[in-house]
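# Understanding the architecture of this molecule
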Amino acid sequence: EMDKLIDKLVKLPRWNAIVVIAIYSLLLAESTIILVEATTYNIQNPTTNWLPIIMHISSIISVFAQWIIVAILIYLPVLLLSGKGKFGDLLFSTSYFYLFQIIALPIVIYLLTKVHVPKGVDVEAFLSANTTIKTISVITNCSYIPFYVLCVFAVRRIFSINYLRSIVACSVPAVTFYVLP
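Here is a short report on the structure shown in this document. (Residues numbered from 1 in each chain as written. Predicted model: local features only at pLDDT ≥ 70, side-chain atom pairs only at ≥ 80, totals over all residues. Heavy atoms only, no water.)

### Things to note about the packing of aromatic side chains
This structure, assessed with the given rule, holds ten aromatic pairs. For the pair Tyr-144 and Phe-147, a centre-to-centre distance of 6.2 Å together with 80° between the ring planes defines the contact as edge-to-face. Placement of both Tyr-144 and Phe-147 in helix H8 (residues 144-159) is noted, with a separation of three residues, approximately one turn of the helix. Pair check on accessibility: Tyr-144 and Phe-147 agree, each one buried. (Phe/Tyr/Trp six-rings, centres within 6.5 Å; stacked < 30°, edge-to-face > 60°. Helix = DSSP H or I, 4+ residues; strand = E, 2+ residues; numbered from the N terminus. Buried < 20%, exposed > 50% of the residue type's maximum accessible area, 1.4 Å probe, protein only.)

Written out as structure tokens, the structure reads:
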């Protein structure tokens, strides 16, 4: 059944994948703007200045870059593990796995509206100790688990390699983003 799903995702129009990534980037920008507004006091009125526009543009650029980088970080080990398939099929099919982040982000945005940093406190210490921020972190990180699990299935199907090799290839971006920093 999973092979059929992956085959359907590969056959979907490419622009659908781009729309999914664009929605993800806009939701991520909104969550970032809310966090910035909650933690900064020197901005007179963030809704009337350039901050939201800059945040949206930078979010779109960074999310599209992340999407491509993750696909490359999966694709390179697949090549080393004798995988035979197209990079474009991997890139565009994995975009749909960001739907888990799209589902999580409205919850994160709602929770972020509940975070209010009092003036005069150490913002980093406050956020580190805040239970809402910890919950947001768990939600965000957990939303990537199904992403990487589905990537394993996609890589196995698209590149005709076994599950072990697929797991190894998909662990490269996970290790790069979660373990190394």
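### Brief notes about the state of the cysteines
Evaluated as defined, the whole model comprises zero disulfides. Not engaged in a disulfide, the cysteine Cys-151 finds its nearest cysteine sulfur in Cys-170; these two sulfurs lie 5.2 Å apart. With relative accessibility at 0%, the residue Cys-151 sits in the buried group. Residue Cys-170 is classed as buried on the basis of its relative accessible area of 2%. (Disulfide = S-S within 2.5 Å.)

### Quick word on the environment of Leu-91
Inspection of the secondary structure assignment puts Leu-91 in helix H4 (residues 87-94). A sequence separation of 77 residues divides Leu-91 from Arg-14, and the C-alpha atoms of the two residues are 9.7 Å apart. The residues touching Leu-91, leaving out its near neighbours within four places in the chain, are Trp-67, Ile-68 and Ala-71. (Contact = heavy atoms within 4.5 Å.)

### Digging into the pattern of salt bridges
Side chains that differ in sign of charge can pair as their charged atoms come close. Under the counting rule described, the total for this entry stands at five salt bridges. Taking the shortest distance from any N to any O, the salt bridge between Asp-3 and Arg-156 comes out at 2.3 Å. Residue Asp-3 is located in helix H1 (residues 2-11), and its partner Arg-156 is located in helix H8; the two are separated by 153 residues in the primary sequence. For Asp-3, a relative accessible area of 24% puts it in the partly exposed group. Between Arg-157 and Asp-3 there is a salt bridge, with the nearest N and O atoms lying 3.7 Å from each other. With Arg-157 in helix H8 and Asp-3 in helix H1, the pair connects residues that are 154 residues apart, well separated along the chain. Classification of Arg-157 by relative accessible area gives partly exposed; the value is 34%. (Salt bridge = Lys/Arg side-chain N within 4 Å of Asp/Glu carboxyl O.)

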